[in-house]
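# Structural characterization, general
The chain contents come next:
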Amino acid sequence: MDPGTLALVLATLRLATPLALAAMGELVAERAGILNIGIEGMMLGGAFVAFAVGVSTGSVVLATGAGVLAGAALAALFAAFVLVRRADPIVCGAALNLLALGATGTLYRLLFPPELGQAGAPQAGGWLLGLNPFVLLALALMLGVGFVLARTQVGLAVRAVGERAEAAHAQGVRVLRVRWASTLFGGACAGLAGATLVLWISDTFVEGMTSGRGFIALALVLFGGYRPLRIAGGALLFGLASAVQFRLQARGLQIPYNLLLMTPYLLTLIVLALFASRVRVPADLARPFSARD
Amino acid sequence: MSRWRDGLEPLAAIAIALAVVSLLLLALGADPLRALGALASGAFGDRLAWTTTVLRMCPLALVGLGVAVAFRCGVWNIGGEGQLYLGALAATAVATRLAADAPAILLLPLLVIGGATAGALWAGIAAVLRVRRGVSEVLSTILLNFVALLLVAYAVHGPLQEVTHAYPQSGAFPDAARLGFLPGAGRVHTGLVLALLLPAAVWFGLFRTAAGLRLRAVGLAPEAARYAGIRPEREVVVALLLSGGLAGLAGALEVSGVTGRLFENLSSGYGFTAIAVALLARLHPLGVLPAALFFAALSTGSGAMQRVAHVPSVTVQVIEALVIFLSASFALPRRGD
């Protein structure tokens, strides 16, 4: 492979990985009937905590773990309102994004004032076959989620809860417990995706640095028709589009920079317009369940 | 639900949100009383403070009103921010390019209508995508926000940039394109009248007309509405157009009445705060006004809070988020109940 092509492949992988990670988590949550537009905020929370822990410990592993926990903690807050209080998931997801934006901004400005100077977060280097550990994590997650959802009792329970919560309940499935677990898993994956941003893609934290990646991951779940392999394929397609866009920018092409930056959002809209109506969504998506009923 | 609870629960939500944030600030080593004191005096302390608060109430009330209308119809318009920017963009195009030489009597209505239309059309994209292509408006309106912001960035670096091409902003509006000030109210522009009257008009439309009943029926029970002969798709389109139009209007008033130019970061997140406004108002068109005043005060006071108490201004977003959580889970009628 010539160096130009190799660079493009690597850039594609780099940009696709956080999208794939977040999308796999959202896939599980949606399969269990939880529509979580708050993954954007969970990703941002994961990014900030990974940055803070990374800077203070210098350990990629600790930073990643902390990012995952931060995503799961925000997901727990979301679940408390949506599952316990049965509040509307869309409204709560939007609130969670606002909360993450405000909380990470507050903490960042209080804990890392500019006069201290900017320390970089530690970076995850190459690993097996020179691949970044986050790429391997995304691959493992894709295979694992696919296998568990399709072939195991746990996966069956998750799908049953998303399709027919009442029927699953009648069969003895603990609906709320499954939904809690799936939401937490989704938040953890979003946190991991956020950690990837800080520990691999950029070595620092910037307020609002997720810039819609969580929303693109949401769209990817639809784009992939709720199938892990296709979702990963979609993530690669988006990664490639972004990589090509950066390259065009670097070449100083006569397309205004701001118009190029629209690519991922426009691409998502076009893809949704083409495919959304063909996708069969879980029947009980975003429908509340109460064992009292 | 009784009337006094309608008024009491939002106040309780505010009190709880402020208490939680105070505790968090305490844990971070900041002084919450000092911060809240600075916030209050920054929002209402002197003439400049309260006129700024009233100025910020204007877009929040209009976009919040739009969000409330959409939510009443079961449409999750998260795209107020983008629709506001499109309104500002269209108004700027009218005022500095298309009709820059027109007299005020023509120019002002043109840019206000242009702004509202642009906002409505921007939301209309989401409406068409939902009705024709089955795309959830939640995702499309969010994605359109990003596109709108970049479109404005492109415009102020390109076709609408001021003549010297030194700054990323549009040229100044001609005097004929500037809204006048209200007598005795400092920099508060006449657009405030619209922000005060439109909630009443929307209240009348929603609760006293057949069209309003149809729109609300779709939000309460779309299938039942269909059996009653209402076409939910049509109501969804109406709600989104109205919602986007109000946001676009807010954008036009902002450039014409406040800034006199278009630039990036014009809005400071009005479109997102508007969701908090609508929910705190319990989706009631008239409740939007006090709710908008509250969030406008938070926004105006946050600068003083940062200067005086060294608490970052973005902390008010945490308060907004908590108010949304609390309103959504305790005050609103929940699905499935």
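Residues numbered from 1 in each chain as written. Chains lettered and ligands numbered in written order. Predicted model: local features only at pLDDT ≥ 70, side-chain atom pairs only at ≥ 80, totals over all residues.

### Description of the overall build of chain A
Along chain A, the regular secondary structure elements total 12 helices and zero strands. Across chain A, helices and strands are ordered from the amino to the carboxyl terminus as α-α-α-α-α-α-α-α-α-α-α-α. By the compact-globule yardstick of 19 Å for 293 residues, chain A fits well, its C-alpha radius of gyration being 19 Å. Taken along its principal axes, the extent of the C-alpha atoms in chain A is 60 × 40 × 35 Å. Split into buried and exposed, the 293 residues of chain A put 54% on the buried side. For chain A, the proportion of contacts with a sequence separation of at least 24, taken over those separated by at least 6, is 80%. (Helix = DSSP H or I, 4+ residues; strand = E, 2+ residues; numbered from the N terminus. Rg over C-alpha atoms; globule rule 2.2 N^0.38 Å. Buried ≥ 20, exposed ≤ 12 C-beta atoms within 10 Å, placed from the backbone. Contact = placed C-beta atoms within 7 Å.)

### Points about the overall build of chain B
When its secondary structure is counted, chain B shows 13 helices and zero strands. Secondary structure elements of chain B occur, N-terminal to C-terminal, as α-α-α-α-α-α-α-α-α-α-α-α-α. On C-alpha atoms alone, chain B measures out to a radius of gyration of 20 Å, which is about the 20 Å that the 2.2 N^0.38 rule sets for 337 residues. The burial tally for chain B puts 57% of its 337 residues in the buried class. Summarising the internal contacts of chain B: among those between residues at least 6 apart in sequence, 78% fall at separations of at least 24.

### Examining the interface of chain A and chain B
Taken together, the contacts link 39 residues of chain A with 36 residues of chain B. Broken down by class, the residue content of the side of chain A that touches chain B amounts to 27 nonpolar, eight polar and four charged. (Nonpolar A, V, L, I, M, F, W, Y, C, P; charged D, E, K, R; others polar.)

### Some words on the packing of helix 1 (residues 3-31) of chain A against helix 6 (residues 153-163) of chain A
Working note: a packed helix pair is described by the angle between its axes plus the distance between those axes. All names here are of chain A. Relative to each other, helix 1 and helix 6 sit at 60 degrees, their axes nearing to 7 Å. Put simply, helix 1 runs oblique to helix 6. Contacts between helix 1 and helix 6 pair Val 28, Glu 30 and Arg 31 from the former with Val 158, Arg 159 and Gly 162 from the latter. Partitioned by chemical class, the residues of the contact of helix 1 with helix 6 number two nonpolar, one polar and three charged. (Axes fitted to C-alpha atoms, helices over the stretch in contact; angles between N-to-C directions. Parallel < 35°, antiparallel > 145°, perpendicular 65-115°, else oblique.)

### Structural notes on helix 4 (residues 80-98) of chain B
Since there are 3.6 residues in each turn of an α-helix, residues three or four apart along the chain are aligned in direction. For helix 4 of chain B, spanning 19 residues, the distance from its first C-alpha to its last is 25 Å, which sits close to the expected 27 Å at 1.5 Å a residue. Judged by how many residues are buried, helix 4 of chain B sits mostly within the fold: 17 of 19 residues are covered. (Expected span 1.5 Å × (residues − 1).)

### Thoughts on the packing of helix 9 (residues 213-223) of chain A against helix 6 (residues 137-157) of chain B
Packing of helix 9 of chain A against helix 6 of chain B brings their axes to within 10 Å, and their N-to-C directions diverge by 140 degrees. For the pair helix 9 of chain A and helix 6 of chain B, the sense of crossing is left-handed. Taken together, the residues of helix 6 of chain B that come into contact with helix 9 of chain A (itself represented by A:Phe215, A:Leu218 and A:Ala219) are B:Leu139, B:Ile142 and B:Leu143. Looking at the contact of helix 9 of chain A with helix 6 of chain B residue by residue, the classes come out as six nonpolar, no polar and no charged. (Left-handed = near helix turned anticlockwise from the far one by under 90°.)

### Notes on unusual backbone geometry
Residues other than glycine seldom take positive phi values, yet A:Arg86 does so here, at roughly 55 degrees. As for its placement among the helices and strands, A:Arg86 is situated in the loop between helix 3 (60-84) and helix 4 (89-111). You will see that B:Arg282, though not glycine, has its phi angle at about 55 degrees, which is positive. Assignment of secondary structure puts B:Arg282 in the loop between helix 11 (270-280) and helix 12 (288-309).

### Some remarks on the nonpolar core
Formed by 233 residues in total, the largest nonpolar core has its most connected members in A:Ala20, A:Ala23, A:Ala95, B:Val277, B:Ala278 and B:Ile324. Non-local contacts of A:Ala20, meaning those with residues more than four positions away in its chain, are made with A:Ala138, A:Met142, A:Ile231, A:Ala232 and A:Ala235. (Core = buried A, V, L, I, M, F, W, Y, C linked by C-beta atoms within 7 Å.)

### Considerations on the environment of A:Ala241
Residues and elements named next belong to chain A. Mapping Ala 241 onto the fold places it in helix 10 (residues 228-250). On the basis of neighbour count, Ala 241 is assigned to the partly exposed category, with 17 C-beta atoms found within 10 Å. As for Ala 241 and Leu 267, which are separated by 26 residues in sequence, their C-alpha atoms are 8.6 Å apart. Here Ala 241 is in contact with Thr 263, Pro 264 and Leu 267, once residues within four sequence places are set aside.

### Remarks on the confidence of the model for chain B
In the predicted model, chain B carries a mean pLDDT of 91, and the fraction of residues at 70 or more is 96%. For this predicted complex, the interface score ipTM comes out at 0.89, alongside a pTM of 0.90. (pLDDT = per-residue confidence, 0-100.)

### Observations concerning the environment of A:Glu40
Residue and element names in this part refer to chain A. With respect to the secondary-structure elements, Glu 40 resides in helix 2 (residues 39-57). Residue classification places Glu 40 among the buried positions, given that 29 C-beta atoms sit within 10 Å. Considered as a pair, Glu 40 and Leu 272 are 232 residues apart in the sequence and their alpha carbons are 18 Å apart. With sequence-adjacent residues up to four places away left out, Glu 40 is seen in contact with Asn 97, Thr 210, Gly 212, Gly 214 and Phe 215.

### Quick word on the environment of A:Met209
All names here are of chain A. Residue placement: Met 209 occurs in the loop between helix 8 (175-201) and helix 9. For Met 209, a count of 19 C-beta atoms within 10 Å gives the class partly exposed. Residues Met 209 and Ile 37, spaced 172 residues apart in sequence, show a C-alpha to C-alpha distance of 17 Å. Not counting chain neighbours up to four residues away, the residues in contact with Met 209 comprise Ala 47 and Leu 197.

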